[in-house]
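These are the residues of each chain, in order.
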Amino acid sequence: MAKRLQDMLNIGEKLAKQLTDVGIKDPLQLAEAGSRQAWLRIRAQDPSACYMRLCALEGALRGIRWHDLDAQTKAELKAFYSAHQ
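Residues numbered from 1 in each chain as written. Predicted model: local features only at pLDDT ≥ 70, side-chain atom pairs only at ≥ 80, totals over all residues. Heavy atoms only, no water.

(A) Structural view of the packing of aromatic side chains. The tally for this structure, following the rule as stated, stands at three aromatic pairs. A network of ring pairs unites the aromatic residues W39, Y51, F80 and Y81 as a single cluster. Cation over ring: K78 sits above Y51, and NZ or CZ is 4.4 Å from the ring centre. (Phe/Tyr/Trp six-rings, centres within 6.5 Å; stacked < 30°, edge-to-face > 60°. Lys NZ or Arg CZ within 6 Å of the ring centre and 35° of its normal.)

(B) Representation of the pattern of salt bridges. The tally for this structure, following the rule as stated, stands at five salt bridges. As a salt-bridge pair, D7 and R4 come within 3.0 Å of each other at their nearest N and O atoms. Classification of D7 by relative accessible area gives partly exposed; the value is 43%. Residue R4 is classed as partly exposed on the basis of its relative accessible area of 43%. The residue D21 makes a salt bridge to K17 at a minimum N-O spacing of 2.9 Å. Here K17 and D21 lie together in helix α1 (residues 13-21), a separation of four residues that amounts to about one turn. Through salt bridges with shared partners, a single ionic network connects E58, R62 and D70. (Salt bridge = Lys/Arg side-chain N within 4 Å of Asp/Glu carboxyl O. Buried < 20%, exposed > 50% of the residue type's maximum accessible area, 1.4 Å probe, protein only. Helix = DSSP H or I, 4+ residues; strand = E, 2+ residues; numbered from the N terminus.)

(C) Representation of unusual backbone geometry. Unlike most non-glycine residues, N10 shows phi in positive territory, near 75 degrees. Checked against the element boundaries, N10 lands in the segment before α1.

(D) Layout of the packing of helix α2 (residues 27-45) against helix α4 (residues 71-83). Contact pair α2 / α4: the axes reach a minimum separation of 12 Å and the direction vectors enclose 35 degrees. As for how α2 packs across α4, the hand of that crossing is right-handed. Touching S35, R36, W39, L40 and R43 of α2 are E76, L77, F80 and Y81, all from α4. Grouping the constituent residues of the contact of α2 with α4 by class yields five nonpolar, one polar and three charged. (Axes fitted to C-alpha atoms, helices over the stretch in contact; angles between N-to-C directions. Left-handed = near helix turned anticlockwise from the far one by under 90°. Contact = heavy atoms within 4.5 Å. Nonpolar A, V, L, I, M, F, W, Y, C, P; charged D, E, K, R; others polar.)

Next up, the structure:
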């Protein structure tokens, strides 16, 4: 597992800072929170948090590019995102 958030796929400096700002300081804490909870925390501080950011978090946890998430996972994330609009 990566030691820093920025070392995970899909997580750049901006997303790493947003995660840190909401109390998620490393990959283990992200794994414990899960993509949905982490996204909700970010969304509470940044209303512009989009579906792609949610997918980026899920992909980071799976160790894959978010574009490569399977169709079922993308549909589940889209439904979650839509429910929190």
